[in-house]
Every structure is written in structure tokens, then in C-alpha cells.
Amino acid sequence: MAKKQFQAESKRLLEMMINSIYTQREIFLRELISNSSDAIDKIYYKALTDESLTFNKEDYFIKITADKTNRTLTISDTGIGMTQEELENNLGVIAKSGSLAFKKENEAKDGHNIIGQFGVGFYSAFMVADTVTVISRPLGSDTAFKWESEGADGYTIEPTGKDSVGTDIILKIKENTEEDNYDEYLEEYRLKSIIKKYSDFIRYPIKMDITSSKLKEGSENEYEETTEEQTVNSMVPIWRKNKSELKDEDYENFYQEKRYGFDKPLKHIHISADGAVVYNAILFIPENTPFDYYTKEYEKGLELYSNGVLIMNKCGDLLPDYFSFVKGMVDSEDLSLNISRELLQHDRQLSLIAKNIKNKIKSALQSLLKDEREKYEKFYGAFGRQIKFGVYNDYGMNKDTLQDLLLFHSSKEKKLVSLDEYVSRMPEEQKYIYYASGESIERIEKLPQTELVADKGYEILYFTDDIDEFAIKMLISYKDKEFKSVSSGDLGIDTEEQDKAAENADTENKDLFEAMKDVLGGKVKSVKASKRLKSHPVCLSSEGDLTIEMEKTLRAMPNGADVQADKVLEINVNHDVFQSLKNAQEQDKEKLALYTNLLYNQALLIEGLPVGDPVEFTNDICKIMV
Ligand code: ADP
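The structure presented is a predicted model; accordingly, all values stated were derived computationally and were not measured.

Moving on: the overall build of the protein chain. When helices and strands are counted, the protein chain shows 20 helices and 22 strands. Scored against the burial criterion, the 626 residues of the protein chain give a buried share of 50%. Sequence-distant contacts in the protein chain: of pairs separated by 6 or more residues, those separated by 24 or more amount to 70%. Total accessible area on the protein chain is roughly 31,000 Å²; 45% of this is exposed by carbon and sulfur atoms.

What follows is the structure in C-alpha cells.
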């Protein structure tokens, strides 16, 4: 029979995975058992809406059989099975087109994680097996198919017979090598302990024929071997267990068994609520950002169980968007079993649960911030952007929930600080919470605009994320202290004298500033004497609500808005350059134009904005050199 090739990309992924993803080989069993359990769940799920189906719990189980003589390990289930097409599509293709390209781009970052998200659990079988044979008969069909593969070079598929609906996965276990022992995967005791370790909470019985020696009946010293089918897993779902019985490791195993992520969870939240609504939930805050997290493809949601039965894989209504990174499950007795998705949205119980969960997540994050700062910063690195979006979205409706979760880099502390930390350190006379925006911390540090505020000894928050300023515009203030950009017109720290001096300078140099503005023809709203500059000659600031950083962000959007901040060119009248400007105005109008353009372009560069005409700019520099 002709061997069908795996898709080229599958081949590469498969090789990579076999060699690198899983550090522990034994998890292949967890992966296959989880697939079996999912397959049974699917029948369960179907029976909920299909009246012709009944689900008798006793009929559904997973069976593990080791055959030492033939070196095979078989994982059988009575689940939904696969059609020929499904066998080809689900097992013959690991990653759909596009995903390899994605992986390539990200390879440098963390190949490990990405693969985990494609659902390649099945392939982990090749870590321990030379040949994998899948015999499957789908629900509602009399025909079964046999899929077989020896690894990376392809698979065969042919019709075969099978008595009952379900799937058998037969692994031909590898021979031992000098370094590696594969025999262990045929040992009853070892298999049992792997099942206990990773799959104890699987809701269906995982059965094994266990051999034990017993005293022969009527004999005092003669033993005989008896084989007995036993259920190895306890089947009590972890969420029904008492928190005190569970260790961190149990939660981690559950996280992995459920494939919530390939990382370790940063924190788990175990809820047993018996107030207005009765429900159990186990929620996780992942450690790493899923590769598709900030894309449209990412779908938020928690698994929803009703009385231990999975009724929905991803119930989005249980999580607000700003906590969309949370993974986990909810089990409630209060939900009716036959609810359709539409009805579910209006279920009062469900919205009560969602509200409750939201508060729990918030307080878990707050206590992480308070007690485990390092972990919180890790979380913030992965999902901080989402929190900021949350502050901004829906017209700031959720800002009160989220503002205490924000962190920004502080000019003084040189690390991330919370708004509460900032405000609690503010000197009494300081009126505002100051911030400066820019591409990076290093760039902001050099911004001339920060000079005066920093000189006053005030702390400045550095905004390096493009969402930052938008989020802050929604917040407006924190604990009655307003936010103020160091580039804004009135910094609130000028003494009356300084104000007066700047005003006088503006009046005295009215003609000069007007002339400069004319030179720049519409590029700036005005030219002014600066109150904030000390050692630098120029900077740009903006008037009105739209700041220069926001202009940059909006312009960079895919269908970029053509917006302009009202820019002000600020001149340091105490700088030597100012004298040159004055002289030029009196003696040489062309020189004034040259200087004005140079200064304006310099200000643009400092802001991280492109100069309009780079050739002209470099020519201008040459002009002043000769
Ligand atoms: P994942 O389970 O993460 O989607 P896998 O590579 O483990 O990825 O499995 C691929 C698909 O093959 C599954 O999503 C499922 O549709 C199908 N599958 C695997 N094992 C079984 C099984 N025992 N019974 C029915 N379908 C299965």
C-alpha cells in the first residue's frame, strides 16, 4: 500500500518535537489518555443534545494493556472514534499551513512553547514507540480504519474490523539502548504510577489488568498469579477535592493534563463557593504569553462543567476581556444541563459566577503584587498590556477595578512601581503624577522635557507602551492626583517668577517667534519661550488632548489615522543658540530660516519622529559648517 507523506511541515515539527519538546518521555501516556478522555467527553456532549443517544457511564472507560512479549502498549477507549478523514486530518497533519511560518519567525524566542499550542500531543507517542497504529471506529459507523506510521516519513491507512465504537492506539515500544530504558513502559507498576501521577483526575475509569500473586486457596505456602482488572485512577476531579489535600504539583499536573499551556502556571486560584451561587473553580494565571494572545485568533474562556459534566470548552462569558489570559474551569450544580449557548448568556447564575470570579482574580493578582513581587512582575511582563487595554476599553468603565494592578517604570526607583507607591511618596507640594512617553526607557531618560520636573526631584513614570498614554487619559487621576505629561503646557511647578519670565520673553521676542513660525509654515501651532528646558536648546510639546506620542501611535495603526498633534516648538531663551537666533533675525533672514529648520528637525529627532526631508536636513548641517 502506498505510504502517504506527512505534510512537509509536519515532518519537521515531528522531528523537532521528538527530540526536544518534552523533557520527560513518560508524559506520552498523559497525552494519549487525555485524548481518550476528550473522545469520551465528546460522546457525553453529543448525548446532551441528541435524544437518540444515551450515555451510560459504565460503558465508557479507557484501558491500558501492556504486552511484554510483543513489546506493545495499547491505549483503548470507548470514545467517539475517528472517521478515515479524521484519521488523516487529525493525525496526518500537525500544523495547518501558516503555522510553520509563524513558528519560524518565533523560533528564536521559544520554540518549546509554540509547538505546545498546536496540539501535537498524539505525536509524543513517537518518543517511546517505533511504530504507532491507530484503529478507530467512529460513532454511527460499522467500518473501522487502521492508521499506521513509523514516524516522520509518513503513514498508511486501510479499512479494518473493530467490534465496537472507539479507538485503540497501539505503540510498538522501542528497544532499549545504552542510554535509554524503554522497557519501563511495559512494566505494570511503572505504568500505574505514571497514570496516578498525571491522570488521576480523569473522570472516566482508566483500567489495567493487574497481576498479583496470592496464596493458593487451601495452601499455606503456595502462591499463584492472578490477574484482575482494576481501575487505577481515583476519578475524583481535583476541583472537588479539599484544598488542604492538594499540593502545588497537583495543580501543575492538572494544568498540563488539561493542556491549558505548556508553561507552568504562575499562580492557581482554587475556589469552592457556597454562597449565593454554588460552584467550584480552578483558575490559573499562566507564566508566559500564548503565542497568539494578542491576535484575533485568541479565544478567551473557561471550561464549564455542570455537575462534573463538561458542557462547554470555552465559555467566554465567564471572563472579562481584561482577564482573558486566565485559564481554567468552573463546575456548578446550579446550571441546567441542557442549556444552549444562547440561553447560557442570559443565565443569571452564570453572570453571578462570572462576577465572583472576576473579583477573585483581581484579589489574587493584588496579593501577588503585595506578597510575591517578582512573580507579579513576571505576570505583568506577559499580560500587563492587556490590563492597560482594560483600563482604556469601554470608555474606562473598568478603570477602578484595574488601576491598582498597573505598573510603570519609575525615573527614581529605576524599576516598575505601582501608582499607589508613587502617590504615597509624593512630596506634599507636588501637585501631579508626572509621566514621560517615548520608545524606550533610555530614550525617555534623555528627553529634554523631563529636565525641569526631574530637577525638582519629582519622580517621573516612563510610558514605553503605545497604549500607556491612552490608558492614562481614561484614568485622568489616581487618588485625586491628576496625571501630567512632562511635555504638557502647564507643569504646575513653575514659580510665579518663572511664569512671568517666560511670558516676558514671549512678548519681547514676539516678532522673532512669529518669524520662526512662518518659516515652519503650519508645522507648528506656535513657537514659545520654554519654561521646562535647562540645558537643551529646543523641544517639542503639544497643546490640547492629542499628544505627540498618541499621534505616533495612531499613525502607526494599520489603517493609520491622519491626525496631527498641535505642536509647539519650545525655545530655551537662556541657551547660547537663542542669541544666534536673535542675531540672525536682525542681520540675515536666510540664516534665521536655516537655524529654525535645523532646530525644528532636531526637536523632531529627539521626539523620535522622522524629519520630513532628511536630505535637506543634512544639507542644512553642511551649510553651517562652511
Ligand atoms: P490535541 O488533542 O491537542 O488536539 P493531538 O495531536 O493529541 O492534539 O490529537 C489530534 C486530534 O486527533 C485530536 O484533537 C482529536 O480530534 C483526534 N484524536 C486523538 N486521539 C483520539 C482518540 N483517542 N479518539 C478520538 N479522537 C482522537
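Let's shift gears to the pattern of salt bridges. Oppositely charged side chains can form a pair if their charged atoms are brought close together. Tallied over the full model, the rule gives 41 salt bridges. Across the pair Glu222 and Lys216 runs a salt bridge whose closest N-O atoms are separated by 3.6 Å. Look at Lys216 and you get partly exposed, because its relative accessible area is 34%. Notably, a salt bridge pairs Lys370 with Asp371, separated by 3.8 Å at the nearest N-O pair.

What follows concerns the environment of Val527. Position of Val527 among the secondary structure elements: in strand E20 (residues 526-529). For the pair Val527 and Val568, spaced 41 residues apart in sequence, the C-alpha to C-alpha distance is 5.8 Å. Excluding residues within four positions of it along the chain, Val527 makes contact with Phe513, Met516, Lys517, Leu569 and Ile571.

Quick look at helix H6 (residues 248-257) now. For H6, the tally of buried residues reaches seven of ten residues, placing the bulk of the element in the interior. The secondary structure elements touched by the buried residues of H6 are helix H2 (27-49), helix H5 (188-199), strand E9 (265-274), strand E10 (278-286) and strand E13 (327-332). Following H6 by one or two positions, Arg259 has its phi on the positive side, about 60°.

Attention now goes to the sheet that holds strand E17 (residues 460-463). The strand order across the open sheet built from six strands is E15-E14-E17-E16-E19-E18, with neighbouring strands paired in mixed fashion. If you trace the sheet from one side to the other, it starts and ends with strand E15 (416-418) and strand E18 (477-478), each paired once. Along the sheet face, helix H14 (residues 468-475) touches strand E14 (407-410), strand E16 (432-437), E17, E18 and strand E19 (481-485) and points at about 160° away from the line of E16.

The subject of this paragraph is the sheet that holds strand E6 (residues 166-173). Pairing within the open sheet is mixed, and its eight strands lie in the order E5-E4-E3-E6-E2-E1-E7-E8. Since the sheet does not close on itself, it has two edges, and those belong to strand E5 (155-160) and strand E8 (223-231), each with one partner. Neighbour to neighbour, the strand axes of the sheet diverge by 20° on average, direction disregarded. Inspection of the sheet shows strand E2 (residues 72-77) paired to E6 by six bridges, in the antiparallel sense. The partner of Asp77 across the bridge, within E6, is Thr167. Helix-sheet contacts for H2 involve strand E1 (62-67), E2, E6 and strand E7 (206-215), and the interaxial angle to E2 is about 25°.

Quick look at the environment of Asp130 now. As for its position among the elements, Asp130 is in strand E3 (residues 129-137). Sequence separation between Asp130 and Lys174 is 44 residues, and the spatial gap between their C-alpha atoms is 5.5 Å.

This paragraph deals with the confidence of the model for the protein chain. Averaged over the protein chain, the pLDDT score is 87; the fraction of residues at 70 or greater is 89%. Long-range and interchain partners of residues 338-342, a stretch whose pLDDT sits below 50, account for five contacts in this model, where long-range means more than four residues apart.

A word on the side chain of Asn509. Inspection of the secondary structure assignment puts Asn509 in the loop between helix H15 (496-508) and helix H16 (510-520). A residue is classified by how much of its surface remains accessible, and Asn509, at 7% relative accessible area, is buried. A polar atom in the side chain of Asn509 sits 2.8 Å from the backbone oxygen of Ala505. If sequence neighbours within four positions are ignored, Asn509 has contacts with Phe578 and Lys582.

Another point: the packing of aromatic side chains. Summed over all chains, the structure comprises 29 aromatic pairs. Relative to Tyr305, the ring of Trp239 has its centre 4.8 Å away and its plane inclined at 45°; by these criteria the two rings are tilted. Note that Trp239 is positioned in the loop between E8 and H6 and Tyr305 in strand E11 (residues 302-306), a separation of 66 residues in sequence. Using a relative accessible area of 2% as the deciding quantity, one classes Trp239 as buried. Grouped by ring-pair contacts, the aromatic residues Tyr293, Tyr294, Tyr298, Tyr322, Phe323, Phe325, Tyr376, Phe379, Tyr380 and Phe383 constitute a single cluster. Over the aromatic face of Phe61 sits the side chain of Lys207, whose NZ or CZ is 4.3 Å from the ring centroid.

Our next topic: the packing of H16 against helix H19 (residues 589-607). It is the contact of H16 with H19, at a shortest axis distance of 9 Å, that shows an interaxial angle of 75°. In terms of axis orientation, H16 runs roughly perpendicular to H19. Listed contacts from H19 to Leu512, Ala515, Met516, Val519 and Leu520 of H16 are Leu592, Ala593, Thr596, Asn597 and Tyr600. Considering only residue class, the contact of H16 with H19 consists of eight nonpolar, two polar and no charged.

Contact geometry for helix H9 (residues 373-396) and H14: axes closest at 8 Å, N-to-C directions at 55°. The angle between the axes of H9 and H14 places the two elements in the oblique class. The interaxial crossing formed by H9 with H14 has left-handed handedness. For the pair H9 and H14, the contacting residues are Lys388, Val391, Tyr392, Tyr395 and Gly396 in the first and Asp468, Phe470, Ala471, Met474 and Leu475 in the second.

Here Glu287 is to be found in the loop between E10 and E11. For Glu287 and Lys375, which are 88 residues apart along the polypeptide, the C-alpha to C-alpha distance reads 8.8 Å. In this structure, Glu287 is in contact with Asp263, Lys264, Leu266, Lys378 and Ala382, ignoring residues within four places of it in sequence. Within the local environment of Glu287, its side chain forms a polar contact with the side chain of Lys378, the two groups lying 3.4 Å apart.

Definitions and cut-offs
Residues numbered from 1 in each chain as written. Predicted model: local features only at pLDDT ≥ 70, side-chain atom pairs only at ≥ 80, totals over all residues. Heavy atoms only, no water. Helix = DSSP H or I, 4+ residues; strand = E, 2+ residues; numbered from the N terminus. Buried < 20%, exposed > 50% of the residue type's maximum accessible area, 1.4 Å probe, protein only. Contact = heavy atoms within 4.5 Å. Areas by Shrake-Rupley, 256 points an atom, 1.4 Å probe, with all protein chains shown as cover. Salt bridge = Lys/Arg side-chain N within 4 Å of Asp/Glu carboxyl O. Pairing = 2+ DSSP bridges. Axes fitted to C-alpha atoms, helices over the stretch in contact; angles between N-to-C directions. pLDDT = per-residue confidence, 0-100. Polar contact = N/O pair within 3.5 Å; in protein donor to acceptor, adjacent residues only side chain to side chain. Phe/Tyr/Trp six-rings, centres within 6.5 Å; stacked < 30°, edge-to-face > 60°. Lys NZ or Arg CZ within 6 Å of the ring centre and 35° of its normal. Parallel < 35°, antiparallel > 145°, perpendicular 65-115°, else oblique. Nonpolar A, V, L, I, M, F, W, Y, C, P; charged D, E, K, R; others polar. Left-handed = near helix turned anticlockwise from the far one by under 90°.

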